[in-house]
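Geometric and topological summary
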Amino acid sequence: MYVCVCKAVTDKQIKSAISNGYCSRKDLNKCLGVGTVCGKCSPHVKQLLDEHRVQTPIMWAAA
Ligand code: FES
C-alpha cells in the first residue's frame, strides 16, 4: 500500500528501511523522501515507526 503518494513509497519500503536502521522520520525523509512534498503521509510514517522500530532496551546503571 502506498503511504507516500507524492514519492510513491509503500509501507513495505518504509518497514524495510526501519529494519535496516532508519529509525527516525528525518532518516526516512532522507533515504526515501517521504514527507518532503505535501507532508500528508507524516502521521502514517510516524505510526509505522512507532509500530516497527526496534526497541532498544534501557540499561540502568547500578548506583
Ligand atoms: Fe508524502 Fe505527500 S504524501 S509527501
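See the structure printed just above.
In short, a report on the structure.

Calculation notes
Residues numbered from 1 in each chain as written. Predicted model: local features only at pLDDT ≥ 70, side-chain atom pairs only at ≥ 80, totals over all residues. Heavy atoms only, no water. Buried < 20%, exposed > 50% of the residue type's maximum accessible area, 1.4 Å probe, protein only. Helix = DSSP H or I, 4+ residues; strand = E, 2+ residues; numbered from the N terminus. Arc of directions from axis to C-beta. Salt bridge = Lys/Arg side-chain N within 4 Å of Asp/Glu carboxyl O. Contact = heavy atoms within 4.5 Å.

1. A few points about helix α1 (residues 11–19)
When we look at burial in α1, the residues that qualify are D11, I14, A17 and I18. Down the axis of α1, the smallest arc covering the buried residues is 125°, so these residues share one side. Opposite the packed face of α1, turned more than 90 degrees from it, sit the exposed residues K12 and S19. Positive backbone phi, at 105°, marks G21, one or two positions downstream of α1.

2. Digging into unusual backbone geometry
You will see that A8, though not glycine, has its phi angle at about 55°, which is positive. By the element assignment, A8 lies in the loop between β1 (2–4) and β2 (9–10). What makes A8 partly exposed here is its relative accessible area of 43%.

3. As for the environment of S16
Along the chain, the position of S16 falls in helix α1. Between the alpha carbons of S16 and H52 there is a distance of 9.5 Å; along the sequence they are 36 residues apart.

4. Examining the pattern of salt bridges
Applying the stated criterion to the full structure yields 2 salt bridges. The partner of K15 in a salt bridge is D11, and the shortest N-O contact between them spans 3.8 Å. Residue K15 and its partner D11 are located together in helix α1, separated by 4 residues, close to a single helical turn. For K15, a relative accessible area of 32% gives the class partly exposed. Here K46 makes a salt bridge to D50, at a shortest N to O gap of 2.8 Å. With K46 and D50 both in helix α3 (residues 42–52) and 4 residues apart, the pair spans about one turn of that helix.

5. Here's the deal with the side chain of D11
Assessed through its relative accessible area of 15%, D11 is described here as buried. Non-local contacts of D11, meaning those with residues more than four positions away in its chain, are made with M1, V3 and L48.

6. Let's talk about the environment of G35
Checked against the element boundaries, G35 lands in the loop between α2 (25–32) and α3. In this structure, the C-alpha to C-alpha distance between G35 and V3, residues 32 residues apart in sequence, is 9.7 Å. Not counting residues up to four positions away in its chain, the partners in contact with G35 are C4, N29, C41 and S42.

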